[in-house]
Amino acid sequence: MERFRFVTTPFTREIRIDHRHKVAHIEEEILALKAAIDSRQSAVLTAPAGSGKTLVLRTLKSLLPESRYKTTYFKLTDVSARDMCRQIAAALGTEPAGNFPSLVRAIEERLRAGFEDGGLRQIIMIDDAQELRPEAMKLIRLLTNFDMDSKLVVSIILSGQLLLKEILHRPEMEDVKQRLIRSSELRLLTRDETKSYIGHRVKLAGAQHSPFEDGASDAIYEITRGNMRAIDKIATACLVEADKAARDGVSPADVTSARAKLWM
């Protein structure tokens, strides 16, 4: 911290939404997802692990006025359709009891009541959706079908790794896929975006000048291929290596040393 003139921990996962590094393609997808919600539709977001999809969901939630929307975030893995219903019911303030059909009816009634009373519009975000069981995934079709498909009372945002896209393209998932008006996909950062990301994070931590040499930033990109989570991890390790050697800058040699210790 002292050597590199940081006032806060660099490359931490604890970062405020308004402090995020704004990358054009990510900001475009955030706005596209918001447009889907504004039109009372559902959508899917896929991305490689570590590319910022959860940050996208956090940002999206921050853009939805609490006076109009109630956003519920789930990270469900390998749960049955009934268990998924129970968690959704509890989040909506409905008694999470009974068999599967009664749970679905209770959720539908709560959603319909809020819609007809002009209450808060319900937004359900499901992260790591590639881990859902097929029967739980198909629950989306039930929850978005009101009054013979004539009303849009809830928006569901599915988020997951690239496998989720493959799952939704399976023939048995066609009815679910048709409910999703927008399919957004994040990519990893380019070389220039990686350098910009590293510069943003060290500046955010209080450094007036980036301690990462251009060669070090290039080396980090070659190792991580623009994966933000991996960038955070190895950049932190690089700073430790440079500090141990009492150097005020991070060199490509530090990147090599950090890589060897992180991924032996």
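Starting from 1, residues in each chain are numbered consecutively following that chain's sequence as written. Where totals are concerned, whole chains, interfaces and linings use all residues; where local detail is concerned, this predicted model gives features only for residues with pLDDT of at least 70, and gives and counts side-chain atom pairs only at 80 or more. Hydrogens and water are ignored here; the side-chain numbers use all heavy atoms of the structure.

Asks: Please give an account of the overall build of the protein chain that cites residues and values.
Replies: We count a stretch as a helix when DSSP gives it H or I for four or more residues in a row; a strand needs E for two or more, and each element gets its number in order from the N terminus. Each helix and strand counted, the protein chain has 12 helices and five strands in total. Judged by the C-alpha coordinates and their principal axes, the protein chain covers about 65 × 40 × 30 Å. Burial classes: relative accessible area under 20% of the type maximum marks a residue as buried, over 50% as exposed, and values in between as partly exposed (1.4 Å probe, protein chains only). Counting every position in the protein chain, which comprises 264 residues, the buried fraction comes to 46%. Contact between two residues is taken to exist if any of their heavy atoms lie within 4.5 Å; hydrogens are not considered. Put simply, of all contacts in the protein chain between residues at least 6 apart along the chain, 74% involve residues at least 24 apart. Note on areas: Shrake-Rupley, 1.4 Å probe, and residue coverage restricted to the protein chains presented here. Roughly 13200 Å² of accessible area belongs to the protein chain as shown, and the carbon and sulfur atoms make up 50% of that amount.

Asks: Account for the pattern of salt bridges, naming residues and giving values.
Replies: Any Lys or Arg side-chain nitrogen found within 4 Å of a carboxyl oxygen on Asp or Glu counts as a salt bridge. Counted under the stated rule, the structure contains 22 salt bridges. Here E29 makes a salt bridge to R182, at a shortest N to O gap of 2.8 Å. With E29 in helix α1 (residues 24-38) and R182 in strand β5 (residues 180-185), this pair connects stretches of sequence that are 153 residues apart. Classification of E29 by relative accessible area gives buried; the value is 12%. Notably, a salt bridge pairs E241 with K261, separated by 3.0 Å at the nearest N-O pair. With E241 in helix α11 (residues 228-244) and K261 in helix α12 (residues 252-262), the pair connects residues that are 20 residues apart, well separated along the chain. Exposure remark for K261: the relative accessible area of 48% places this residue in the partly exposed category.

Asks: Go over the nonpolar core, please, and point to the residues and values.
Replies: Grouped burial of nonpolar side chains is what soluble globular proteins tend to show. In these notes, a set of buried Ala, Val, Leu, Ile, Met, Phe, Trp, Tyr and Cys residues joined through side-chain atoms within 4.5 Å is what counts as a nonpolar core. With 41 residues, the main nonpolar core has F212, I220 and C238 as its most contacted residues. Taken together, the elements giving at least two residues each to this core come down to α1, β1 (42-46), α2 (53-62), β3 (121-127), α9 (191-204), α10 (214-224), α11 and α12. For this core, the element with the highest residue contribution is α11, accounting for eight residues. Excluding residues that lie within four positions of it along the chain, I220 makes contacts with I198, F212, R225, I231, I234, A235, C238 and V255. Counting residues in hydrophobic clusters, the runner-up holds 32 residues, among them V79, A89, I107 and I156.

Asks: How would you explain the environment of R68 if you had to name every residue and give the values?
Replies: Among the structural elements, R68 can be located in the loop between α2 and β2 (69-75). Residues R68 and L163, 95 residues apart in the sequence, show an inter-C-alpha distance of 33 Å. Apart from residues no more than four positions distant in its own chain, R68 is found in contact with L120 and R121.

Asks: Kindly report on the packing of aromatic side chains, identifying the contributing residues and their values.
Replies: Only Phe, Tyr and Trp rings take part, Trp by its six-membered ring, and two of them pair if their centres are within 6.5 Å. Stacked means planes under 30 degrees apart, edge-to-face means over 60, and tilted covers everything else. Under the definition given, this model contains two aromatic pairs. For the ring pair F4 and F6, a centre distance of 6.0 Å and an interplane angle of 40° mean the geometry is tilted. Judged by relative accessible area, F6 falls into the buried class, the value being 8%. With centroids separated by 5.9 Å and ring planes inclined at 85°, the aromatic side chains of F11 and F212 adopt a geometry described as edge-to-face. In this pair, F11 is assigned in the segment before α1 and F212 in the loop between α9 and α10, connecting sequence segments 201 residues apart.

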